[in-house]
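# Inside the fold
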Amino acid sequence: MSGRSSLPANLGRRTGGGGGIQKRRASARIDREGDLDMGGQVPGPRARPISGAKPRPTRSNTASGQKPEAGPPKGFRPVRSAARHPVGTVNGIKQPAGGLIEMKVSGWKELKVTTTETVLFLERRLKEKLRRVRPVGDNIMFQIPLVKVPTVLEWDNMKFAGGNLRIQPVNELPASIQAAIKPTVDRSEEAQQLATLLKNVLQSRYVVDSKMLDLSALGTHPQLQDSGFFNQDSTRAKMFPAMMKVADEQFTNRAEKRESVISVNLANNTLNDISMVASLAATFPELKNLSLENNNITTFKQLEPWRFKFRKLEQLFLAGNPITQLPNYREDCRKWWKSLIMLDGEFYPEPPPALRSDKSAGPGPFPPMPLTIYPSGVIDDEDHTNDFLSKFFPTFDSDRKLCVQTFYDDQSTFSISVNVSAPRLSGDTKHNIQKWDSYIPKSRNMVRLRNPTAIKDRCARGPAAILKTWDTLPRTLHDVSDPTKWNYDSRNISFEDTVGMLLTVHGEYEEPENVAMEGIASKRSFTRTFMVLPNGPTGYLIRRDMLLVRAYGGSGAWQPETLMPQLAQAPQPAVPQVPQQPVNAAPQPTAAQPVADPKQQIIKQQLIQQVMEQTGLTPAYAEMCLEQTGWNLAQAVQAFIEVRASGQLPSDALARPAV
Amino acid sequence: MADYAGVAEQFIPYYYNTFDTNRTGLGSLYRPNSLLTFESSQTQGAVDITEKLVSLPFQKVVHEVATKDAQPIPGGGIVVLVTGALKVDDQPAPLSFAQTFILLLEGGSYYVSHDIFKLVYPA
């Protein structure tokens, strides 16, 4: 890397600053105005001579006494003041030592500001008048004293009126000024050393397994401490942007970043706002998980630079910041980061708003599925389930390596068992094969397998082991285009501090090799139970996967017309009876209104379950909460929290300690 | 993680024996937040689940477990997948079933948090 161009303006010495990590913002540069410590870093492009434009002869070799003055448009005259006076006056205007340097400012036209506004802006910063100001095409030409050149050049790319101003010298800078900005050369070496240091820090804080960049409590990092980086507020302020720059250079493209860094932890950095770390959003725009825990963020304004950034952010942690006390904190977070699924470890009851319309943004409700599998039970989240199935099985069939990389991680486990005694579809001989040779060695059927070591070994953990097991199994072809062949039951289930999906799916598949080799279309039936987390590249991270294979039994079991007479019976009321009347002063739970639509009953029951899971309330009280809040899950949970906080929760309302 | 395989090993025979001999006894395996999905109907809470299971329209029932597999789940539970045959009353042909359990540990013992039962073969 090139130290100079990759670490622009980040390493210049900056004075002042209070305690804590400093903000980095455009105005930080303003602090340097008039700062004649030439240590200020100068942006890369500034040194390049503008060869084409030669409106004036270079004054670099002008004798110090031959100072040009701000004069009439044509030409300039030698300053009359004596050479030995470093500072003189011409026509009442102070003249600087070293002469005037011709500069140009561009970029202002796009910003819809006038020449005057731009000039005034610069003059305010410079605290003196620009000389010989005149617009030339898209540039504004002006002159400044030589000693001011380094300061002014620091403003190159400065934010102004919502855009950036470019400030460049018109001609090659004179030797005298090169000398004046000489320190920046040394700083560029320093920059390189720093870049190396930061690279080391990044590497030491990268957690491969979880693809997390752990930048928490950076002040305690030994290498950073040794570097003295945190001894100065000034360098501290620049450290993070520099680090992001270095991080950026580790990747060649966005996909690589996306795949390598899923989570960033910025906890415990005493951040008062995120301006100093704002560049994170540019470096890792597709971050899924972000922690800012235990900082000192109090308002949304302090998070402003990240508003609507991180378009794929699923989990955000702000616990330990005063901002969490704001009245509509959770709702507001979701307004800013519409893809959020979870905040502070708590799942949002509703799917993320971004995903309602934006498929590319990650998991969530999805557009109409090519596959509509008949759900037998009631589905909490039919879209997710359908989407998962229609993504998973085609990948499993076509590219198991890709499949394992996409849907599994190091903590995922897979096992398969074979039911060789399951009945074959009666009368069907052509689809049925009863050879199980390729399955038996991996079968983990614990009815037959008694050896604890074998039981342990046959549960594959992690992508490599899972793939190894899969490699021994025949290739498969699941027909996801025919919904009648499929049946599933899907449930929300809380585990690993989030809400995942417990899914049992029943279906069938072909083994194409048998078709090719033996000319028979061999099929098998299977049941597969997944526990899926909303995570990973597709938004589906399989934690547990249990596959059961048996002889092909068709799909008649779940076709409506072939309902088993043995088990057919009058439908149960879906909404449970209120088990007991809660005693004493508590408001009486009321049974749900009888509803004609069984689906609605089922939805209600799902809601009751979710309230129970989130609050620990008994079914009756959970239902009461929902009833009183118009069956709004979030409000019901909120009502519970309020009642509990007020100490009015009846002692019998809790079935278990709340989670 | 405790010996999840051992827990599953104990749980499965206990569950099906109780189911086959004393269905009301199943109530102790569920909690108020337990969910049963039995074919297409869902029932919640130990009381209602027991009622549902007891009210199934058969007198005699025998489960024959053909396969069982279990994996520990994060947080200390167990996911169990069982398949087998179900002989009901005097029906000659057994029914094939697949059943998934989520067992969670509470107060030193496991209970059934989720129970998903499905007949998978059109007898």
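Residues numbered from 1 in each chain as written. Chains lettered and ligands numbered in written order. Predicted model: local features only at pLDDT ≥ 70, side-chain atom pairs only at ≥ 80, totals over all residues. Heavy atoms only, no water.

## Considering the pattern of salt bridges
On inspection of all chains with the given rule, the structure shows 22 salt bridges over all chains. Of the charged contacts in the structure, one is a salt bridge between E9(B) and K68(B), with a shortest N-O distance of 3.5 Å. Taken as a pair, E9(B) in helix α1 (residues 4–21) and K68(B) in strand β3 (residues 61–73) lie far apart in primary sequence, 59 residues in all. A relative accessible area of 21% places E9(B) in the partly exposed class. Three or more residues joined by partner-sharing salt bridges are found here, namely R258(A), E286(A) and K312(A). (Salt bridge = Lys/Arg side-chain N within 4 Å of Asp/Glu carboxyl O. Helix = DSSP H or I, 4+ residues; strand = E, 2+ residues; numbered from the N terminus. Buried < 20%, exposed > 50% of the residue type's maximum accessible area, 1.4 Å probe, protein only.)

## Some points on the interface of chain A and chain B
Taken together, the 63 residues of chain A in the interface contact 51 residues of chain B. Interface area, chain A with chain B, both sides summed: about 5,000 Å², of which 59% is carbon and sulfur. Across the contact surface, chain A and chain B share 2 salt bridges. Salt-bridge contacts for R444(A) lead to D69(B); the nearest nitrogen and oxygen are separated by 2.5 Å. Our enumeration of links across chain A and chain B arrives at 18 residue pairs in polar contact (both at pLDDT 80 or more). Of all elements in the fold, only β16 (408–419), β18 (487–495), β19 (498–510), β20 (523–533), β21 (541–551) and α18 (598–615) of chain A reach the threshold of two or more residues within the side of chain A that touches chain B. Top contributing element to the side of chain A that touches chain B by residue count: β16(A), with 7 residues. Looking at the side of chain A that touches chain B, its residues break down into 27 nonpolar, 24 polar and 12 charged. (Contact = heavy atoms within 4.5 Å. Buried area = accessible area lost by both parts, 1.4 Å probe. Polar contact = N/O pair within 3.5 Å; in protein donor to acceptor, adjacent residues only side chain to side chain. Nonpolar A, V, L, I, M, F, W, Y, C, P; charged D, E, K, R; others polar.)

## Section: the nonpolar core
Judged by nonpolar contacts, the single largest core of 47 residues is most densely connected at L280(A), W306(A) and W337(A). Elements represented by at least two residues in this core include exactly α6 (183–204), α8 (233–249), α10 (280–283) and α11 (329–336) of chain A. The biggest single contributor to this core is α8(A), with 7 residues. What L280(A) contacts, discounting residues up to four positions off in sequence, is F240(A), M244(A), V264(A), L266(A), L287(A), L290(A), W306(A) and F310(A). In terms of nonpolar packing, the next biggest core, distinct from the first, is built from 37 residues, L449(A), F11(B), F19(B) and V112(B) among them. (Core = buried A, V, L, I, M, F, W, Y, C linked by side-chain atoms within 4.5 Å.)

## Details of the packing of helix α14 (residues 400–407) of chain A against helix α16 (residues 462–471) of chain A
Axes are the key here: two packed helices are described by the angle between their axes and the distance separating the axes. Residue and element names in this part refer to chain A. Between α14 and α16, the least distance of the axes is 10 Å, while the angle of their chain directions is 150 degrees. Compared by their axis directions, α14 and α16 come out roughly antiparallel. Crossing of α14 against α16: the hand is right-handed. Seen from α14, the contacting residues are R400, K401, C403 and V404; seen from α16, they are P463, I466, L467 and W470. (Axes fitted to C-alpha atoms, helices over the stretch in contact; angles between N-to-C directions. Parallel < 35°, antiparallel > 145°, perpendicular 65-115°, else oblique. Left-handed = near helix turned anticlockwise from the far one by under 90°.)

## Description of the sheet that holds strand β2 (residues 41–44) of chain B
Residues and elements named next belong to chain B. Pairing in this open sheet of 6 strands is mixed, and the strands run β2-β1-β6-β5-β4-β3 from one edge to the other. Bordering the open sheet on either side are β2 and β3, each of which pairs with just one other strand. Neighbour-to-neighbour, the strand axes of the sheet open up by a mean angle of 15 degrees, direction not taken into account. One ladder, built from 12 bridges, connects β3 with strand β4 (residues 77–88); its direction is antiparallel. Bridge pairing in β4 links V61 to V88. Docked against the sheet, α1 engages β1 (30–38), β3, β4, β5 (95–106) and β6 (109–119), running at close to 155 degrees with respect to β3. Across the sheet, helix α2 (residues 46–54) touches β1 and β2, and the angle it forms with β1 is around 35 degrees. (Pairing = 2+ DSSP bridges.)

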